[in-house]
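Structural overview for review
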Amino acid sequence: MTTTANVTALSDRFRETFGAAPDGVWQAPGRVNLIGEHTDYNEGFVLPFAIDRTARVALRVRNDSTVRMLSTFGGHGMVEADLEGLEPGSGDGWSRYPLGVAWALQERGITVPGFDLLLDSDVPLGAGLSSSHAIECAVISALNELTGADFGAEDLVLATQQAENIFVGAPTGIMDQSASLRGAKGHAVFLDCRDQHVELVPFDAEASDLVLLVIDTKVSHSHADGGYASRRASCELGAEILGVKALRDVGVERLEEASGLLDETTLKRVRHVVTENDRVLQTVEVLGAQGPASIGPLLDASHVSMRDDFEISCPELDLAVDTAKANGSIGARMTGGGFGGSAIALTPVGLEQQVRDAVVRSFAEAGFTAPDIFTVTPAAGALRLS
Ligand code: GLA
């Protein structure tokens, strides 16, 4: 959680490290996705929210093109780079994210000066909660302001996507950075990924005596690996065969026809995306009409679809979901890109401890690494702290 005390501590540490005060401190949150997985790059619908865990950067521009970066969570020590002649693929670990967004701004004709940067983050790394986008969104917010580029959220979303796709090499969509940049306290972000239209949908689990548990399976994943890209390729193939611009344009009523046109694997991938888009729309409707307590079956169906049709779950995620459900969660699903990371479980407050204990026990019995379990609530998107 961000408090005035830890903003001051970050500024003090910046001053000790770099010898002068930062120009400011910016923060951006990680996200969970309530529902709408692998629909973003199919120009469909997603319903993520910004979480109450953030990356924070203290940053000061320099009068040369040097970048010096340090994080509070160790690893890599001080990283130095030069913004002149910056090429995709430069940097490693978390340093690729600040460099990637600086590069994406340069690609938009912005003169980005060198900078000193100190990073702090409590978004767990590799847990499927978009720790990388939290860093990217904090840094791009800072640079957007300090360079006077003054891009709006929609342009920053696309710049961040370009950083991820080209600079980092992960062929991801626009969901994560949209949640991080456009999230709002108490709300989920209902995003149409075709035109970036956003509606903020109230999501107040507490008012319904519910908590949203995140179960971090500790199975780490990378979207720069082949699994994500191959799912994306299957979706593009399906859209091509069905004669549409993107799978967004295929309704559930066309699935029967699709079964005669697509090979078995492509059909499964398409079926996931088409039904998932439909589930997002239903979830928004149910949330508005009946509140969070009624969305459980949609979360469950989403998980089954990712497990069986999109085939991006793993034994740890399935165990987390099944155990949470068996112990009282009213809906549970893996969240994010898959192949590891976290599950979410919407759980009555009175059963939270039972679910936590059961999941920890089941992981121990299965010989899996102990999971990390915590609650999240919808929080504000990226902002300047000082
Ligand atoms: C990752 C990507 C997103 C999205 C999800 C799956 O989080 O960064 O763009 O595709 O996977 O829904």
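Now for a look at the structure at hand. (Residues numbered from 1 in each chain as written. Predicted model: local features only at pLDDT ≥ 70, side-chain atom pairs only at ≥ 80, totals over all residues. Heavy atoms only, no water.)

Okay, the nonpolar core next. Counting residues in hydrophobic clusters, the biggest one holds 76 residues, and the most contacted among them are Val32, Leu34, Leu47, Phe49, Leu117 and Phe203. Looking at this core, you find at least three residues from each of domain 1 (4–201 + 379–384) and domain 2 (204–375). Filtering out sequence-adjacent residues up to four positions away, Leu117 remains in contact with Phe14, Phe18, Val57, Ala58, Leu59, Arg68, Met69, Leu70, Trp94, Pro98 and Val139. Core analysis: the second largest hydrophobic core is formed by 34 residues, Tyr228, Leu247, Leu255 and Val355 among them. (Core = buried A, V, L, I, M, F, W, Y, C linked by side-chain atoms within 4.5 Å. Buried < 20%, exposed > 50% of the residue type's maximum accessible area, 1.4 Å probe, protein only. Domains from an automatic or database assignment. Contact = heavy atoms within 4.5 Å.)

Let us now look at the packing of helix α3 (residues 131–146) against helix α5 (residues 175–182). Between α3 and α5, whose axes approach to 9 Å, the crossing angle comes to 55 degrees. Judged by the angle between their axes, α3 and α5 are oblique. For the pair α3 and α5, the crossing hand works out as right-handed. Contacts between α3 and α5 involve His133, Ala134, Cys137 and Ser141 on the former and, on the latter, Asp176, Gln177, Ser180 and Leu181. Classifying every residue of the contact of α3 with α5 gives three nonpolar, four polar and one charged. (Axes fitted to C-alpha atoms, helices over the stretch in contact; angles between N-to-C directions. Helix = DSSP H or I, 4+ residues; strand = E, 2+ residues; numbered from the N terminus. Parallel < 35°, antiparallel > 145°, perpendicular 65-115°, else oblique. Left-handed = near helix turned anticlockwise from the far one by under 90°. Nonpolar A, V, L, I, M, F, W, Y, C, P; charged D, E, K, R; others polar.)

This next bit is on the side chain of Glu316. As for its placement among the helices and strands, Glu316 is situated in helix α10 (residues 315–326). Once residues lying within four places of it in the same chain are set aside, the contact partners of Glu316 are Thr217, Val219, Phe363 and Phe368.

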